[in-house]
Each structure stands twice: as C-alpha cells, then as structure tokens.
Amino acid sequence: MAIQTEVIALPPRAPSRLASFRLGDFPLIPALILVIVALVAIFANLLAPHNPEIGSLTARFRPPVWQTGGSTKYLLGTDQLGRDVLSRLIFGARVSMVVGFTAVIFAGAVGTTLGIISGYLGGWVDQVIMRLTDTWLALPALTFAIFLAAIVGPSMWNIVIILGLTYWTRYARVIRGEVLSLKEREFVRLAIVAGCSKWTIMWRHILPNIINSAIVLGTLMLGVVIITEATLSFLGIGVPPPEAAWGLMLSDGKQSLMVGRWWLSVLPGCCIMLMVLSANLLGDWLRVKLDPQLRQL
Amino acid sequence: MKQYVIRRVGYCLLSLFLLSVTIFFFVRVTGDPATLLVEPGASEADIAAIHQQFGLDRPLLVQYGIFMASLAHGDLGQSFYYRTPVMELYLSRLPNSLYLAAVAMTLSLLIGIPSGILASVRVGGFWDSAGKTFTLLGLSLPSFWVGLVLILVFSVYLGWLPSSGAGTPLHLIMPAFALGWYFAAAHMRLTRSSMLEVLGSEYVKLARLKGLPQSLVIAKHAFKNALIPVLTLAGINLVIMVNVAVVVEVVFAWPGIGRLLYEGITFRDFPVVQGVVLMAGAMIVVVNLLIDILYAVIDPRIRLES
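These numbers were taken from a predicted model, which means no experiment stands behind them.

1. Things to note about the overall build of chain A
Part 1: The helix and strand tally for chain A stands at 12 helices and 0 strands.
Part 2: Starting at the N terminus and ending at the C terminus, chain A contains elements arranged as α-α-α-α-α-α-α-α-α-α-α-α.
Part 3: Considering only contacts in chain A between residues 6 or more positions apart, those separated by 24 or more positions represent 70%.

2. As for helix H7 (residues 141–152) of chain A
Part 1: The end-to-end C-alpha distance of H7 of chain A is 17 Å, a good match for the 16 Å that 12 residues give at a rise of 1.5 Å each.
Part 2: Residues of H7 of chain A that are buried: Leu142, Thr143, Phe144, Ala145, Ile146, Phe147, Leu148, Ala149, Ala150 and Ile151 of chain A.

3. Considerations on the confidence of the model for chain A
Residues and elements named next belong to chain A.
Part 1: When pLDDT is averaged along chain A, the result is 81, and 89% of the positions lie at 70 or above.
Part 2: Across chain A, helix H5 (residues 85–121) holds the top mean pLDDT of 91, while helix H1 (residues 2–9) sits lowest at 40.
Part 3: Note on residues 1–23: pLDDT is under 50 here. Beyond four places in sequence and across chains, it has 26 contacts.

4. Here we look at the confidence of the model for chain B
Part 1: When pLDDT is averaged along chain B, the result is 82, and 94% of the positions lie at 70 or above.
Part 2: Here the complex is predicted with pTM 0.82, and the ipTM for its interfaces comes to 0.81.

5. Side note on the environment of Met249 of chain A
Residue and element names in this part refer to chain A.
Part 1: Along the chain, Met249 falls in helix H11 (residues 246–255).
Part 2: Judged by C-beta crowding, with 28 C-beta atoms within 10 Å, Met249 ranks as buried.
Part 3: For Met249, the residues in contact, after removing those within four places along its chain, are Arg88, Gly92, Ala244, Leu264 and Pro268.

6. Observations regarding the nonpolar core
Part 1: Core analysis: the largest hydrophobic core is formed by 161 residues, its most contacted members being Ile146 and Leu235 of chain A together with Met241, Val246 and Val276 of chain B.
Part 2: When near neighbours in sequence (up to four residues on either side) are disregarded, Leu235 of chain A contacts Ile146 of chain A together with Val246, Val247, Val250, Tyr262 and Ile265 of chain B.

7. With respect to the interface of chain B and chain A
Part 1: Facing 55 residues of chain B, the contacting portion of chain A comprises 49 residues.
Part 2: Among the residues making up the side of chain B that touches chain A, the classes are represented as 35 nonpolar, 15 polar and 5 charged.

Quick notes on the rules
- Residues numbered from 1 in each chain as written.
- Chains lettered and ligands numbered in written order.
- Predicted model: local features only at pLDDT ≥ 70, side-chain atom pairs only at ≥ 80, totals over all residues.
- Helix = DSSP H or I, 4+ residues; strand = E, 2+ residues; numbered from the N terminus.
- Contact = placed C-beta atoms within 7 Å.
- Expected span 1.5 Å × (residues − 1).
- Buried ≥ 20, exposed ≤ 12 C-beta atoms within 10 Å, placed from the backbone.
- pLDDT = per-residue confidence, 0-100.
- Core = buried A, V, L, I, M, F, W, Y, C linked by C-beta atoms within 7 Å.
- Nonpolar A, V, L, I, M, F, W, Y, C, P; charged D, E, K, R; others polar.

Following this line, the structure appears as structure tokens:
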C-alpha cells in the first residue's frame, strides 16, 4: 500500500545500484567472505606464517609492511609480545568460527526444542517455559553473558555454553509462535486421528515445518553471537590468553592505541566487522528466500 | 483497568522471582559459591568461615530464603575491593550512567528519526539504500571497536577530544556516539517501517486528496503518529543502554555502572557483579511494567482485550 501511494505522489525513480545489490538475488560477496573465513579457519596451521602464541621480544610493535619500519617478515606487524598479527588474525578466525557456529547450534537446539514443546503441549508446561523465556529475555543478553562468564571462568567451551544459555530464548519465542499456528493445521489433526503420539507429532510433523525459521534465525544470530564473544574476550572473561581471539587482540591493542599503534586494534575490528556484516547480509537474504512469513518481522 | 494492572503487577513479580531464582541457582550450580565470596587466595579456614557466615551449609531452600530476605532490605552484599555496600556503590555510579545514556539516546534519536523518515519517503531510492547500509553497519560494528577507532582518529591523530575520563561535555561526545550508534540504527529502522505503515493509512490518503503538500502531510499528519512506537522503543532502549554500556564505559574509562561491573570482574569482586546484574534485570522488568500500564492508560483497547 505504502509503496503504491508513493508511486502516485512521486515520479518513479530507478532503484539505485546499492539497492539492487542488496535486494538482488544471491548475496555473492558476503557468502564468499564467509567461505573464505571458514577456509582460513580450517587451514590456519598451513596459512599462518608464524606461531600465533609465541613471539619474539626483539620484534615487538613492528608496524605493517607498508609503513616505515615494517618488514615483509611480519606483513601486518607485531604486537606487544612480538607475535605476528597476521598469524593471530588467521587463528582468530578459527576461534570466531568455532565459537560462533557451535554456540548458534547449541542455542538453536535448546531453543527450538523448548519452543516446540511449549507451543505444542501448552498448559502449564507452556506457562513455565514462557515465563522463564520472558525473564531471561528481560536481562540484556550482554549483562547475562557477563554474569555467567564471571561465575564459570574463562575458557572457549564455557563461552559456547554461556552464549547458548543466553540466546536460546530468541529461538524459543519465535518457534513457539509458529508451532501455535501449525498445530491447528489439518495435517497435525490427521496425525492425531491416526493415533500418533505427541512426541512423534512434534518430531516428525512439526519440526520439519519450523526448521526453516530456525535456520534463518541461526544465520541472523551468528553475527550477534560473534560480537558477544568478542565483547566477552575484550572484557577478559571470554577466550583466555594466549589464545588468538579477535576480541582479545582488541583488548591488547587498546593499551597501545594512544601511541598510535593502530594496526593492533583496527585490524581485528575489521575482521569482526567483515564477518558479522556477511553473516547479517546472508541471513537477511535467507530470511526472504526461505520464509516469507518472517519478512514481516 | 484495575484487573489489568493487578495481572501485570503479578507477572512483574513473577519475573522478578524467576530472575532471583535464576541468579541464585547459577551461582550455586556452577561450584561452591564460597570460592566466589571469599577473596582469591583465601585459606581453607576462611572458606569454612564463609560457609558458616552465609549459611552455605544449610539446605538450599533456607539459603534462598536468606538471599531473598537480604535482597528485600536492599542489601546486595559488601564489595571486597571497595569495602562498602554494593548498593551504595551502585547508586553512586548510576547518575553517570544515566547521564551518558540520556545523551547517547538524544543523539541516536536525532540521527535515527530524520534518516528513518527520509528513507520512508523515498522508498527504494538512494536515501533508503543509504539508510539500509547505515542500519546494517550499525548492527554489525561492535561498539567497543567504534569507540577505539573514534579515540584513534579524534584523540590520537587530531587531538580534538579527550580519550577517556569524565568531567567536561567534551568527554561525553565520543562515548555517547559509540553507545548511540547501534541504537540509532535500530531507531531508524523502526521509524522507517512505522512511517511506511502510517503513510499507507486512510487518513494520510485523505490528507493527500485534500491537496495538502507532501511536506505538510509528512510533518503534520504522518510523523506524529509514526513517532509513538519509536518513542516507546526509545524508552525501553534507554534502560537497556544504561545496562549494556559496559564496553563503551571500559573503553572510555567512564565511571558508570558498566565500569563498576567491569571492575567487579577484574578484581573478582563477586558481590558487585551479582548486584549489578540483579539491578539490571529488576530495572528492565519494572520499566516494562510501567510501559504496559502506560499503554493501557492511553489505549483502552489493550486493557479490554485481556
């Protein structure tokens, strides 16, 4: 409606190049970036020119190769312990990928399961799960994640669990809503008449119908999860040093920002941005492609 | 109306109860809370003393009762590092956080609303695409990185703005921008969709049919109604801003509650961490309740529905 009114009120204009790129079919560049990051993460051992965790103290704070004082030995410079920034960025991709994907899958599994159970069974089960979801949603995700991280202490797998516990509520909400409308549909009623058990219906008939939404949510969640991981690492309660995580690199880089050692904080940030941006663009595209209902959200 | 309010308050209390249970439960299920409650490096005897003092050797239900009783008195425990009650610390930092959040919110509305309107008036045009790009960047850039880059440009290279601390209005510019950036994107997106909805409604069409100029239709008829959801979101976001400013406050050494939380983490000052998190949850639950009630007062349909 709104668009029609616009056409009457204004002369039609050609969509800009930017718009056609965004709205066009497959988001090639974002997908490519994610694939490249994934490959870099898998083959980090082969690609990294230096050991990411061991530096040489004689080569501290080397600038990137194109600045005066930089050498081809350290293409993107070195940090406060003389560790090669490029190698750390490469291994950081592994941390981000592993944490991002496992946390999204973990949160998705928990949230989807509880969402289906809550929506299908209804009654007091629904009440309990939804009250819990509401309460957990009320806490800002970051605050809750910080709280959990502060209790359990830093480790990569703890972070995965923490992120899973923080973000399952997002899935539970959306999935429950879908299940509520699905369970009134005829195929579910037929399944009931045919004598299927509740669990069979949930597993065989409901799940395949909501899996698309779960995947779309997961893609959109990937960026959020990666940013939260970086934030926790930045605050010193995420991935513990000397592991090469992008958030950790940023936190190290902060110390020498004031003397103008920009490469230590700008470069990891660019990596985070590229990855999150790609995940978001891909998620947006998937959302429109896989699930027209979600377009309204 | 009365019934509606009672029901809402009931939900709110239930949420607060679940919040306290969640926090209580997580602290106890992840290990011995005594190790969190004593200072690092405490002896066995100290830990045993803590067990006695906080009743950690008693049954869980009794422990929860004690926990809730002290909460009801507004007692969040004692900070190890500062040796003062957590509540006192919290209240002394809160004004700084509110100040920063208020400025960041103003900034985000000043950016978000006009750009949202521009995008909705020119759907599919240049401004719409520019707005979309801006939204995407806002949602994809971690705020602490925005903060670091701002420091690099405006403090290190240009030397215009102080890099950290609080005091003068100049100290406020960069943290407010770093914090407001994400929310500006969110506000822009909502303004755009809300404007699109209003622009498609009957009364706007009527205004157009009357022959009013476009600018008047938008400024006088559409804008006012499109603003309601945006301002509601802004209200909720203000509370969220106060509570998620941790990283921005850390980057700019801004003495707010986020920084307090960070200090709690780095000094392993557990009562502070628990206190700040509890207060964050409680604040949001209560604000949500107030918004629900305010909505019911404004719009009778809501209270009749339930």
